[in-house]
Amino acid sequence: MSSVFRGFKSLKYPVFTVITPQTGLQFDVRGLNVSEVDKLKHSMVTPSKATEILNRTIWESLDGKPEHITKYEDFLKNVTTVDREALVYASYVTTFGDKRDLVIECRNPRCAKSDKTTVLLSKMFNIVPYPNSSSFKTSYKMASSIDKTNNDPSLDNIINREEMVVNNTKKNKVKFVEEPKSEDIESVNKNEKEIEEPVIEDIISKRIEIQLPSSDQIYIILKQPTLYDLERMNRTLPFNKTEEIAIASEILMIDRIEERYNTSKQIDMVLDAPEVIIEAYNTLPAGDRQIIYTTFNEEFGKYGMSLKSDWVCKNCGEKDTIEVDITSYFFRMVMQS
Ligand SMILES: [Zn+2]
């Protein structure tokens, strides 16, 4: 008999490899243990506390991560708020399993019957990766191997062309030994030129400038927020009411607001602290909000993962799409366990 616990030798936690949709980084996420789930459960007193503990818990459950991410701060700065959804998804599946019972209410008002259905989250998985890096192709391949119906022909073309070049390069090397004809080299070179893709900025350093419809001197500069931005915002403005959280998520995507005076007499005004941005943002004409939101979604927000499935009502045949918000499901499961 021993009174000292040195850890179970026979216990292995399941691990799930995930590639983040926006930054294309590969992480191995292991399932959570009892103590981690409890820590999350008790963190849920305020949303900002829950965010902080969630980020920390995911970080501590990483079995494998890219080489350039060594400290917690690196993790926060290199992972976007959208990327975190993929990590939460991996954590959910390894901790609570892939199967999920859902109660769906028919949206047809004349029917409105509820029905219980069991779904596999992995079957609902969809990804729209940000097209920036070589890992994006891996992530795309991962997604398309899960869901064959989700293939995007334009992405397939990029991938196939790149594979063609890799093959050509290999052939080229062999041909060199055999003294290639000059036209062969030419055709290979020409081929390489054709596949050159425009350089796309990585999503974290990308900035998009919008000139406000109501003033030609006010500019909103948008960015994709990282977990670091999220935590910084939470520390400066520890919002806890629903409407405050909603506005916080809107200004989180604003890198800075500038008023450019177009005269040498006055220095342009640049607002970049969260508490000042929110003050300025609240004074903008309400009509200008839409362009900020639409531009953000087009440039950043549309890249990410989602869990979606078609559903047909057994009672009336009404068709609908079920969508699972992984973070809220994750917390729901944490509370139940
Ligand atoms: Zn129905």
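Residues numbered from 1 in each chain as written. Predicted model: local features only at pLDDT ≥ 70, side-chain atom pairs only at ≥ 80, totals over all residues.

## Notes on the overall build of the protein
Regarding its fold elements, the protein presents 13 helices and twelve strands. Residues counted as buried form 24% of the 337 residues belonging to the protein. Summarising the internal contacts of the protein: among those between residues at least 6 apart in sequence, 66% fall at separations of at least 24. (Helix = DSSP H or I, 4+ residues; strand = E, 2+ residues; numbered from the N terminus. Buried ≥ 20, exposed ≤ 12 C-beta atoms within 10 Å, placed from the backbone. Contact = placed C-beta atoms within 7 Å.)

## With respect to the packing of helix H4 (residues 81–96) against helix H13 (residues 326–336)
When two helices pack together, their arrangement is captured by the angle between the axes and the distance separating the axes. Their axes nearest at 9 Å, the elements H4 and H13 cross at an angle of 35 degrees. Handedness of the H4/H13 crossing: left-handed. Here Glu85, Val88, Tyr89, Ser91, Tyr92 and Phe96 of H4 come into contact with H13, specifically with Ile326, Thr327, Tyr329, Phe330 and Met333. Class assignment for the residues of the contact of H4 with H13 results in eight nonpolar, two polar and one charged. (Axes fitted to C-alpha atoms, helices over the stretch in contact; angles between N-to-C directions. Left-handed = near helix turned anticlockwise from the far one by under 90°. Nonpolar A, V, L, I, M, F, W, Y, C, P; charged D, E, K, R; others polar.)

## Description of the sheet that holds strand S11 (residues 304–312)
The three strands are arranged S6-S11-S12 in an open sheet whose pairing can be described as antiparallel. Of all strands in the sheet, those bounded by a partner on one side alone are strand S6 (125–128) and strand S12 (319–324). Strand-to-strand twist across the sheet, computed as the mean angle between neighbouring axes with direction ignored, equals 40 degrees. By the bridge criterion, four bridges tie S6 to S11 in an arrangement that is antiparallel. Note that in S11 the partner of Asn126 across the bridge is Ser306. (Pairing = 2+ DSSP bridges.)

## A closer look at the nonpolar core
If you look at the biggest cluster of nonpolar residues, it comprises 24 residues, and the most contacted ones within it are Val18, Leu87, Tyr89, Ala90 and Tyr92. Within the residue set of this core, elements represented by two or more residues are strand S1 (15–19), strand S2 (26–30), helix H2 (47–60), H4, S6, S11 and H13. A per-element tally of this core places H4 first, with eight residues. Grouped together as the second largest cluster of nonpolar side chains are 23 residues, Phe75, Val79, Ile254 and Ile277 included. (Core = buried A, V, L, I, M, F, W, Y, C linked by C-beta atoms within 7 Å.)

## Some remarks on helix H1 (residues 34–43)
Those residues of H1 lying buried are Glu36, Leu40 and Ser43. The buried residues of H1 occupy an angular sector of 60 degrees when projected down its axis, which confines them to one face. Those residues of H1 that are exposed and angled more than 90 degrees off the buried face are Val34, Ser35 and His42. Next to the buried residues of H1 lie H2 and H13. (Arc of directions from axis to C-beta.)

## With respect to the pairing of strand S4 (residues 99–105)
Buried residues are scarce in S4, accounting for zero of its seven residues. Pairing analysis gives seven bridges linking S4 to strand S5 (residues 114–120), with the strands arranged antiparallel. Considered in S5, the bridge of Leu102 is made with Thr117.

It is worth stressing that arrangement in space is one thing and function is another; only the former is reported here.
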